[in-house]
Amino acid sequence: MPLHWRYADQERDRLDINIEKSKLIRGVDYIFSYPRGAIQRNIIRRSFLLDKKLKFYPGIIHEDGLFGFELFYLAHSVLVVNKAYYNYRQNQNSIMHSLTMKSAESEMIIHKQLMKFLRENETEYSDQLRIKLTGILIDALSFTWHLRNTDEYKLFLQETRSYRIHACMTCF
């Protein structure tokens with residue numbers, strides 16, 4: 001379902017996605033068709049979470065990207081609704097709007113966890129999803145590219161180099 005974004009410091013608001021009409025789709029199709037993250041856009045059956053043992057990964061930011069991927073991958077069906085039921089207040093000074101080393105480190109953890117998850121839950125979609133995840137990893141790292149001249153980011157790139165190369169090479 002769309003989120004109704006409300007900006008605290010501006011007199012504007014918007015829907016983050018436009019959905020023409022409500023529809024029932026497969027969970028894996030949601031992954032390919034709709035935005036990653038923003039788990040608050042969803043209403044999830046508690047019994048499903050307990051049955052699948054889904055929990056948020058501790059200690060990272062953007063954790064809803066990991067949680068949501070696993071959620072939709074395991075969901076047989078998802079009802080996509082065309083009406084916004086959640087007002088998502090946007091604060092330009094929040095952690096979600098500042099791309100830091102924590103963002104880069106968290107995205108790397110998310111990628112590793114999702115690749116592990118796909119290995120443990122192989123389906124006919126796994127190869128396509130690995131390619132999608134590698135694209136997401138590249139995008140995530142490009143968002144923090146402004147940090148490239150810091151010693152901390154240089155060390156991060158150096159420490160993750162072999163993983164990043166392996167992730168890209170195994171998907172293409």
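Up top is the structure.
For clarity, every value in this text was computed on a predicted model and none was experimentally measured. (Residues numbered from 1 in each chain as written. Predicted model: local features only at pLDDT ≥ 70, side-chain atom pairs only at ≥ 80, totals over all residues. Heavy atoms only, no water.)

## A few points about the nonpolar core
Counting residues in each nonpolar core, the largest one holds 27 residues, and the members touching the most others are Tyr30, Phe69, Tyr73, Val78, Val80, Leu129 and Leu133. Mapped by element, the contributors of at least two residues to this core are α1 (27-33), α3 (63-74), β4 (78-80), α4 (101-120) and α5 (126-143). Per-element tally for this core: the top contributor is α3, with 6 residues. Residues contacting Leu129, with those up to four places away along its chain left out, are Val28, Ile31, Phe32, Phe69, Tyr73 and Leu118. (Core = buried A, V, L, I, M, F, W, Y, C linked by side-chain atoms within 4.5 Å. Buried < 20%, exposed > 50% of the residue type's maximum accessible area, 1.4 Å probe, protein only. Helix = DSSP H or I, 4+ residues; strand = E, 2+ residues; numbered from the N terminus. Contact = heavy atoms within 4.5 Å.)

## A word on the packing of aromatic side chains
What the rule picks out here adds up to 6 aromatic pairs. Taken together, a centroid distance of 6.2 Å and an interplanar angle of 15° make the contact between Phe69 and Tyr73 stacked. Pair noted here: Phe69 and Tyr73 are both in helix α3, with a separation of 4 residues, about one helical turn. Of the two residues examined, Phe69 and Tyr73, each falls in the buried class. (Phe/Tyr/Trp six-rings, centres within 6.5 Å; stacked < 30°, edge-to-face > 60°.)

## Section: helix α6 (residues 151-169)
A rise of 1.5 Å per residue sets the reference length of α6, with its 19 residues, at 27 Å; its end C-alpha atoms lie 27 Å apart and thus fit the reference within 8%. Where α6 bends most, at Thr160, the angle is about 55°. Within α6 the residues assigned to the buried category are Tyr153, Phe156, Leu157, Thr160 and Ala167. Looking at the buried residues of α6, the elements they touch are α4 and α5. (Expected span 1.5 Å × (residues − 1). Bend = angle between axes of the 7 residues up to and from the residue.)

## Considering unusual backbone geometry
Most of the time, phi is negative for any residue but glycine, and the peptide bond is trans. Residues other than glycine seldom take positive phi values, yet Lys53 does so here, at roughly 55°. Here Lys53 is to be found in the loop between α2 (46-52) and α3. Given a relative accessible area of 69%, Lys53 falls into the exposed group. Positive phi, normally seen in glycine, also occurs at His62, with a value near 65°. Locating His62 in the fold gives a position in the loop between α2 and α3. Taking the relative accessible area as the measure of exposure, His62 reaches 13% and is therefore buried.

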